[in-house]
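An overview of the molecular structure
These are the residues of each chain, in order.
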Amino acid sequence: MWQNKLKDTITFCLGLVLIGVIIQGLGALKGDVLVFPGVDEILRAFFRLITTPRTYLLIWTTMKHLMLSTAASTVIGVGLGLAMGMLPLLRKLLQPLMIMLRSLPMVILIVITMVVADYDLVPVLASSIILFPMIAEAACEGCIRIDRELIDVYRMNAGFSLRVLLQVYLPLMAGYLRQAWVNAVGMGVKLAVSTEYLVQTRDSLGKAVTTSSYFNEYQDIYAYALVMILLVLVVSEGPVLLGKVFSRMKRNCISE
């Protein structure tokens, strides 16, 4: 077991080295050290950023947008997906809308949101609009895949209620929802930063990237990219790892 984990860790580190080699190669090929600075310069900028208090203000602004959009898209997506799974007519009716939202380029949805909503709300609204179809379709698929015999059992005793939703449907849909949520959170970071970049949200990572590009500080842009990668890893893989730790602790307590 530990050998497989060690192998995965080494492979991941080699992947990071590969990224550095690609950046260095592009810099040598292009002959432009301004746009493609050295890895050492990027790392210096990265460590400078993570030791600067203002960086955490930027991260917090982006995280607020991410948490609000993820919460909104989860509530809307699970509710709508459950309704679509239980009502075939509604599923067919909303299928074109789901396809349209999944197919439209993100920048178009963001620009439309910028036109109809206040700029302060755009990072949350645009991200929610793009993310909730992912969760809705996963919830719909999970609902459809539930064993009908299990549904018949609860129907023999009671009708559909909040208790049935929490104790029957959601646990049986958990696998589909978990994967959709991990994908949505990872994409949510990129969406939040992209919308912040377009609307120039104050004290955000998107605004910081704009400022760095304006002053040709490309090493800072790559450093912010590293910060965003870490954010994606923390918010997408963190809950999964915590869940595994708690499950292991629970099994150990039961066995004792």
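The structure this text deals with has already been given above.
Quantities reported herein were computed from a predicted structural model and do not represent experimental measurements.

Glancing now at the overall build of the chain. From N to C terminus, the chain includes 10 helices and zero strands. Helices and strands appear in the chain in the N-to-C order α-α-α-α-α-α-α-α-α-α. Split into buried and exposed, the 256 residues of the chain put 36% on the buried side. When contacts within the chain are restricted to residue pairs at least 6 apart in sequence, those whose partners lie at least 24 apart make up 72%. Roughly 15,800 Å² of accessible area belongs to the chain as shown, and the carbon and sulfur atoms make up 69% of that amount.

As a packed pair, helix α4 (residues 88–103) and helix α6 (residues 122–144) sit with axes 9 Å apart at the nearest point and diverge in direction by 140 degrees. The angle between α4 and α6 places the two elements in the oblique class. Relative to α6, the crossing made by α4 is left-handed. Across from Arg91, Met98, Leu101 and Arg102 in α4, the residues of α6 making contact are Ile129, Phe132, Pro133, Ala136, Glu137, Cys140 and Ile144. Of the residues contributing to the contact of α4 with α6, the split by class is eight nonpolar, no polar and three charged.

What the rule picks out here adds up to five salt bridges. Between glutamate 141 and arginine 145 there is a salt bridge whose closest N-O contact spans 2.7 Å. Taking the relative accessible area as the measure of exposure, glutamate 141 reaches 28% and is therefore partly exposed. Taking relative accessible area as the criterion, arginine 145 reaches 56% and is therefore assigned exposed. Via salt bridges that share partners, Arg54, Arg202 and Asp203 belong to a single interconnected network.

It is worth spelling out a nonpolar patch on the surface at this point. On the surface, Val107, Ile108, Val111, Ile112, Val115, Val116, Tyr197 and Leu198 cluster together to form a nonpolar patch covering roughly 710 Å² of accessible area. When contributions to the nonpolar patch are tallied by element, the ones reaching two or more residues are α5 (106–116) and α8 (162–199). The greatest single-element share of the nonpolar patch, amounting to six residues, is contributed by α5. In this fold, valine 115 is placed in helix α5.

A separate point is the nonpolar core. Counting residues in each nonpolar core, the largest one holds 23 residues, and the members touching the most others are Leu82, Tyr169, Met173 and Leu177. Broken down by element, the residue count for this core peaks at eight residues, all from α6. Each residue touching leucine 177, except ones within four places of it in the same chain, is listed here: Val78, Ile135, Ala139 and Leu170. Counting 19 residues, the second largest nonpolar core, distinct from the first, contains Phe46, Val193, Leu231 and Val235.

Tallied over the full model, the rule gives one aromatic pair. Between the aromatic rings of phenylalanine 46 and phenylalanine 47, the centroid separation amounts to 5.4 Å while the plane-to-plane angle is 65 degrees, which identifies the pairing as edge-to-face. For phenylalanine 46, a relative accessible area of 10% corresponds to the buried category.

At a closest axis distance of 6 Å, the pairing of helix α3 (residues 53–86) and α6 adopts a crossing angle of 35 degrees. By crossing handedness, the relation of α3 to α6 is classed as right-handed. Grouping the constituent residues of the contact of α3 with α6 by class yields 18 nonpolar, nine polar and no charged.

About the criteria used
Residues numbered from 1 in each chain as written. Predicted model: local features only at pLDDT ≥ 70, side-chain atom pairs only at ≥ 80, totals over all residues. Heavy atoms only, no water. Helix = DSSP H or I, 4+ residues; strand = E, 2+ residues; numbered from the N terminus. Buried < 20%, exposed > 50% of the residue type's maximum accessible area, 1.4 Å probe, protein only. Contact = heavy atoms within 4.5 Å. Areas by Shrake-Rupley, 256 points an atom, 1.4 Å probe, with all protein chains shown as cover. Axes fitted to C-alpha atoms, helices over the stretch in contact; angles between N-to-C directions. Parallel < 35°, antiparallel > 145°, perpendicular 65-115°, else oblique. Left-handed = near helix turned anticlockwise from the far one by under 90°. Nonpolar A, V, L, I, M, F, W, Y, C, P; charged D, E, K, R; others polar. Salt bridge = Lys/Arg side-chain N within 4 Å of Asp/Glu carboxyl O. Patch = residues over 30% accessible without salt bridge, like charges linked within 9 Å, V, L, I, M, F, W, Y side chains within 5 Å. Core = buried A, V, L, I, M, F, W, Y, C linked by side-chain atoms within 4.5 Å. Phe/Tyr/Trp six-rings, centres within 6.5 Å; stacked < 30°, edge-to-face > 60°.

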